[in-house]
Amino acid sequence: MSVHQLTIGDIECAVLQEGAAFMDRDSVIARYPNVDPAGVAAALGAGEPSGSLNLLYINSGGTRVLADVGFGEFGPAGMGGTLRGLDGLGLSPADIDIVFLTHFHGDHIAGFFTPEGAPVYSDATFATTQTEWDEWMQRWASSDSPGDRQNLARFKAIQHRFQFVNAGDEIAPGVTVVDLKGHTLGHAGLLVESRGERLLHVVDLLHQQFQFANIDWHFVFDSDAELAVQTRRQVLQRCVDEELLTLLYHLDFPGLGKVTLEDGVFVWNPTG
């Protein structure tokens, strides 16, 4: 179990490691379709790629928020750390007040339901953007995949429990939604702010550290690759300009750091 606890002003936070994400070099290289594979290989360097799935837990004034749910009990070997991490904090899924889904890719939502189709976080309010919801309901409705059809039926059945939010909306005291569209059409993060301290969770803005120096590289799972590039540039510049503590979902645990600009190139400076 890996849990990294921190405070942002008066707000208690923790990064929960769902699991370590290890991929072979060829799989990583193939994920950047507008780049010569040799260029990706050079950027990756000699070592094997590594990473993590880093979920954000927030307790703001007694309102407990979980951003995404990871794989839960249904992922590859070594996953499920979010549930173990909550247990280590003395919490059960029933203690979560708000589950905020940043987007609907499987590594963010697979742990949402029990095998019987009930929400794991049984007493929570669920939140996402309307754009994100619409994209995935349409995708799943047009798919012949049994898994997609199951997702469609299960999410539709609890649509009444979802709150649809927009950038700038406050979902808990000091916790506001941030627009990150591009990776998916409604991809969104969270800004946590209290007593002059801030944490910006940018989720899947990028997936590998070498992307900081190559922000125009397309990522194979982006819904709108060019829009993702624009958003990446804008958000990273904001991180630099405002000297924001930043959290990324897929970088090495705990995925916390600050972004600087050196000779016109974004640089990741991990902390924690």
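Provided above is the structure to which this section pertains.
As a starting point, this report considers the structure included with it. Numbering of residues starts from 1 in each chain and follows the order in which that chain's sequence is written. The model is predicted, so local features are restricted to residues of pLDDT at least 70 and side-chain atom pairs to those at 80 or more, both for listing and for counting; the totals for chains, interfaces and linings are taken over all residues. Water and hydrogen atoms were dropped before computing side-chain values, which therefore reflect all heavy atoms in the structure.

### Concerning the packing of helix α5 (residues 130-141) against helix α6 (residues 146-157)
Lines fitted to C-alpha atoms define the axes here, with helix axes fitted over just the stretch in contact, and angles between the N-to-C directions of these axes take values from 0 to 180 degrees. Strands are runs of DSSP state E lasting at least two residues, helices are runs of H or I lasting at least four, and both sets are numbered from the N terminus onward. Interaxial distance between α5 and α6 falls to 8 Å at its minimum, and their mutual angle equals 135°. Classified by the angle their axes make, α5 and α6 are oblique. Helix-helix and strand crossings are classified by hand; for α5 and α6 the assignment is left-handed. On the side of α5, the interface is formed by Trp133, Met137, Trp140 and Ala141, while α6 contributes Asp148, Arg149, Asn151, Leu152, Phe155 and Lys156. Here the residues of the contact of α5 with α6 sort into six nonpolar, one polar and three charged. Roughly parallel refers to an angle under 35 degrees, roughly antiparallel to one over 145, roughly perpendicular to one between 65 and 115, and oblique to any angle outside these ranges. Crossing handedness is read from the near helix: turned anticlockwise from the far helix by less than a right angle, it gives a left-handed crossing, and turned clockwise, a right-handed one. We call two residues in contact when some of their heavy atoms are within 4.5 Å. Any residue outside Ala, Val, Leu, Ile, Met, Phe, Trp, Tyr, Cys, Pro, Asp, Glu, Lys and Arg is labelled polar, Gly included; the first ten of those are nonpolar and the last four are charged.

### Structural notes on the nonpolar core
By size, the foremost hydrophobic cluster in this structure holds 26 residues, and its most contacted members are Leu200, Phe212, Leu236 and Val259. Elements with a contribution of two residues or more to this core: β3 (52-60), β11 (197-203), α7 (225-241) and β14 (265-270). Ranked by the residues each element gives to this core, the list is headed by α7, at four residues. Each residue touching Val259, except ones within four places of it in the same chain, is listed here: Phe212, Leu236, Cys239, Val240, Phe266, Val267, Trp268 and Asn269. The set of buried Ala, Val, Leu, Ile, Met, Phe, Trp, Tyr and Cys residues whose side-chain atoms join them within 4.5 Å is what this entry labels a nonpolar core. Buried, partly exposed and exposed residues are distinguished by accessible area as a fraction of the type maximum, computed with a 1.4 Å probe on protein chains only: under 20%, between the cut-offs, and over 50%, respectively.

### Quick notes on the layout of surface pockets
Empty space among the atoms becomes apparent when a probe as large as a water molecule is rolled across them. Method remark: on a 1 Å grid restricted to protein atoms, a set of points is classed as a cavity if a 1.4 Å probe fits but cannot get out and as a pocket if it is open with protein on both sides within 12 Å along at least five of seven lines; lining residues have an atom within 4 Å of a point. Grid points are joined across faces, edges and corners, and a volume is the space filled by probe spheres set on the points. Here the largest pocket defines a volume of roughly 380 Å³. Split into classes, the residues belonging to the lining of the largest pocket amount to 11 nonpolar, eight polar and three charged.

Keep in mind these numbers describe shape, not what the thing actually does.
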